[in-house]
Amino acid sequence: HYGKVTGLCKKETAAKLGSNLVQAWRRSLRARPPPVSVGDPYWNGNDRRYSDVPEDQIPRSESLEDCMARTRPLWEYKILKDLRRGNNVMVC
């Protein structure tokens, strides 16, 4: 989740906030962009798919490391199992 910069054009964001900062968010394992506000239209809590997730567990900003930790269980317990069985897996 790109936090407060979700939905913004990369070039415009880099011009406004500095390309070094934007590149740090995109390339660093631990750097996070500024968090999105709870009332922001891009906050995932506004999506009904997250209605059963407690508000404090909905990411407002994520680093690549956060994203890896969040998706690792799906990789290990579902996708990898299917691949080892010889199944094709499409991840969208």
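Residues numbered from 1 in each chain as written. Predicted model: local features only at pLDDT ≥ 70, side-chain atom pairs only at ≥ 80, totals over all residues. Heavy atoms only, no water.

## Structural notes on the pattern of salt bridges
- Taken as a whole and judged by the stated rule, the model has seven salt bridges.
- When the shortest N-O distance is used, the salt bridge between Arg30 and Glu65 registers 3.3 Å. Of the two residues, Arg30 is situated in the loop between α2 (19-27) and α3 (64-84) and Glu65 in helix α3; the sequence distance between them amounts to 35 residues.
- Classification of Glu65 as partly exposed rests on a relative accessible area of 30%.
- Linking Arg32 and Asp66 is a salt bridge whose minimum nitrogen-to-oxygen distance equals 2.5 Å. Linking Arg32 in the loop between α2 and α3 with Asp66 in helix α3, this pair joins segments that are 34 residues apart in sequence. (Salt bridge = Lys/Arg side-chain N within 4 Å of Asp/Glu carboxyl O. Helix = DSSP H or I, 4+ residues; strand = E, 2+ residues; numbered from the N terminus. Buried < 20%, exposed > 50% of the residue type's maximum accessible area, 1.4 Å probe, protein only.)

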